Amino acid sequence: MTTRTATLTGFGAILLWSTLALFTAMSGRVPPFQLVGMTFAVGSLLILCITAARGQLRRVRPTWGSFALGLYGPFGDTALYYAAVKTAPPAEANLIHYLWPLLIVLFAALLPGGGLKPRHLIGALIGLAATALLISGGLGTGGGLSLGHGLAALGAFVWASYSVLSRRFAEVPSESLGVTLLGCAAAAFACHAAFETTLWSLTSVEWTGALGLGLGSIGLAFICWDIGMKRGDVAFLGVASYAAPVLSTLILVIAGYAAASWLLAASCVLIVAGALVASSRKA
């Protein structure tokens, strides 16, 4: 697989993550850890079924290192994010958590042959400005910093470091995520049993939200992202990740979960500008 193809595959994860907000909203009353366990289980089964259909089950075994990294990244970040939005204003927690694309761009400089270039940093900062503009209506509540803000920042660090460290396990087949995500689901259900009350009497909309998350944002998206991080342009994917909050908001508008505004239009312009700067070969 060429670097260009791997980068495009990684961008596919960003497109899938643009449905994250919509499906999360649709999941309604499902407790957070139960939702994490359900979606990771669905995502794991999807990956394993696709791998089996291709006759590639021999590739599903992770190394102990990649398995541990998977628990640290997908499960750790998801748990921190849900805890953050429960203990801080959601918009503020979301903005802080979306520092992870900028951190990916910066961490990419630590990779062999990576090299942080001015275009990457400028593009990332433009993307950060777009994200801040997009959700600025939810800021300024005057509540000050809370534990939730710190958890959101820690989640950003966890996901960014996981994404970049994935490059160290480039020899581990991406199909092994099927087993890793199954481990994440088990950890989530253990936390659910300890801290939450189980809810299975879900509406059709809530089931659709949970299945949408498992099949798209967890299953296919994690595979695409793993390929992109291991074989693609990590710095550019970090910048391109700023498209996720903009696209997700646009989908919410179309679905009737949010109102259109000039902030969304301005953010889209900035996202495009940031991506163009980051991909430019002249800087």
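First, a word on scope: everything that follows refers to the structure included in this document. On a predicted model such as this, the values are computed, not experimentally measured, just so you know. (Residues numbered from 1 in each chain as written. Predicted model: local features only at pLDDT ≥ 70, side-chain atom pairs only at ≥ 80, totals over all residues. Heavy atoms only, no water.)

Examining the overall build of the chain
Applicable threshold: Helix and strand assignments come from DSSP, with helices taken as H or I runs of at least 4 residues and strands as E runs of at least 2, each series counted from the N terminus. Put simply, the radius of gyration uses C-alpha atoms, and a globule should come to 2.2 Å times the residue count raised to 0.38. Accessibility here uses a 1.4 Å probe with only protein chains present; expressed as a share of the type maximum, an area under 20% marks a residue as buried, one over 50% as exposed, and anything in between as partly exposed. Counted charges follow a simple rule, with Lys and Arg positive, Asp and Glu negative, and His plus the chain ends left uncounted. A single reference atom marks each charge: NZ on Lys, CZ on Arg, CG on Asp, CD on Glu.
Helices and strands together make up the secondary structure of the chain, namely 13 helices and zero strands. In the chain, the succession of α and β elements from N to C terminus is α-α-α-α-α-α-α-α-α-α-α-α-α. At 18 Å, the chain has a C-alpha radius of gyration in line with the 19 Å of a compact globule built from 283 residues. Across its three principal directions, the C-alpha atoms of the chain cover 45 × 45 × 35 Å. Every one of the 283 residues in the chain was classed for burial, and the buried ones make up 51%. Both charge centroids of the chain, one from 15 positive and one from 8 negative side chains, sit 12 Å from each other.

With respect to the environment of C184
The criterion, for reference: Should any heavy atoms of two residues lie within 4.5 Å, those residues are counted as being in contact.
Looking at where C184 falls in the secondary structure, it is placed in helix α9 (residues 177-195). Once the C-alpha coordinates of C184 and A41 are considered, the two residues, 143 residues apart in sequence, prove to be 8.2 Å apart. Not counting residues up to four positions away in its chain, the partners in contact with C184 are F40, G70, L71, P74 and F75.

Thoughts on helix α10 (residues 204-231)
Given 3.6 residues per turn, any residue in an α-helix points the same way as the ones three and four places further on. Worth spelling out the cut-off: How far a helix is expected to stretch is found by multiplying one less than its residue total by 1.5 Å. Bend, at a single residue, is the angle you get between axes fitted to the 7 residues ending at that residue and the 7 residues starting at it.
Its 28 residues place the ends of α10 39 Å apart at the C-alpha level, agreeing with the 40 Å of an ideal helix rising 1.5 Å per residue. Along α10, the largest kink reaches about 40° and is centred on A221. With respect to burial, α10 is a largely interior element, 20 of its 28 residues being buried.

Concerning the pattern of salt bridges
For clarity, the threshold we go by: Any carboxyl oxygen of Asp or Glu that lies within 4 Å of a side-chain nitrogen of Lys or Arg is treated as forming a salt bridge with it.
This model, assessed by the stated rule, comprises four salt bridges. A salt bridge links R29 to E206; the nearest nitrogen and oxygen atoms lie 2.8 Å apart. Of this pair, R29 sits in the loop between α2 (20-26) and α3 (32-53) while E206 sits in helix α10; the two residues are 177 residues apart in sequence, bridging distant segments of the chain. On the basis of relative accessibility, which here comes to 47%, the residue R29 falls in the partly exposed class. What makes E206 buried here is its relative accessible area of 6%. Here E175 ties to R59 by a salt bridge, and the two come within 3.3 Å at their closest N and O atoms. With E175 in the loop between α8 (147-165) and α9 and R59 in the loop between α3 and α4 (64-87), this pair connects stretches of sequence that are 116 residues apart. One network of salt bridges, in which partners are shared, links R54, R59 and E175.

Side note on a nonpolar patch on the surface
Stated formally: The patches reported here contain residues having more than 30% relative accessible area and no salt bridge. Joining distances are 9 Å for like charges and 5 Å for nonpolar side chains (Val, Leu, Ile, Met, Phe, Trp, Tyr). What sets the accessible areas is the Shrake-Rupley method with a 1.4 Å probe; for residues, cover comes only from the shown protein chains.
A contiguous nonpolar surface patch, about 290 Å² in accessible area, is contributed by L106, L116, L121 and L125. Mapped onto the fold, L116 is located in the loop between α6 (100-107) and α7 (118-134).

Examining the packing of aromatic side chains
Aromatic ring pairs are reported here in terms of the distance separating the ring centres and the angle at which the planes meet. Quick reminder of the rule: To pair, rings of Phe, Tyr and Trp, with the six-membered ring standing in for Trp, must have centres within 6.5 Å; the planes then decide the type, stacked if under 30 degrees apart, edge-to-face if over 60, and tilted in the middle.
By the definition in use, this model includes ten aromatic pairs. Consider the rings of W17 and W159, whose centres lie 5.8 Å apart with planes at 75°: the pair is edge-to-face. Here W159 lies in helix α8 and W17 lies in helix α1 (residues 3-17), a separation of 142 residues in the sequence. For the pair shown, W17 and W159 are each scored as buried. Note on W100 and W225: the rings are 5.9 Å apart at their centroids and 85° apart in plane angle, and the pair reads as edge-to-face. In this pair, W100 is assigned in helix α6 and W225 in helix α10, connecting sequence segments 125 residues apart.

A look at the side chain of S174
Secondary-structure assignment places S174 in the loop between α8 and α9. For S174, a relative accessible area of 6% puts it in the buried group. Setting aside anything within four residues of it in sequence, one finds S174 in contact with I223, D226, I227, K230 and R231.

Quick word on the state of the cysteines
Should the sulfur atoms of two cysteines be covalently bonded, the bond is a disulfide. Note the following rule: Cysteine sulfurs are considered disulfide-paired once they come within 2.5 Å of each other.
Within this structure, the stated rule accounts for zero disulfides. The cysteine C49 is free of any disulfide, with C224 supplying the nearest cysteine sulfur at 17 Å. Residue C191 stays outside any disulfide, its sulfur separated by 11 Å from that of C184, the closest cysteine.

Any link to function would need more than the numbers given here.
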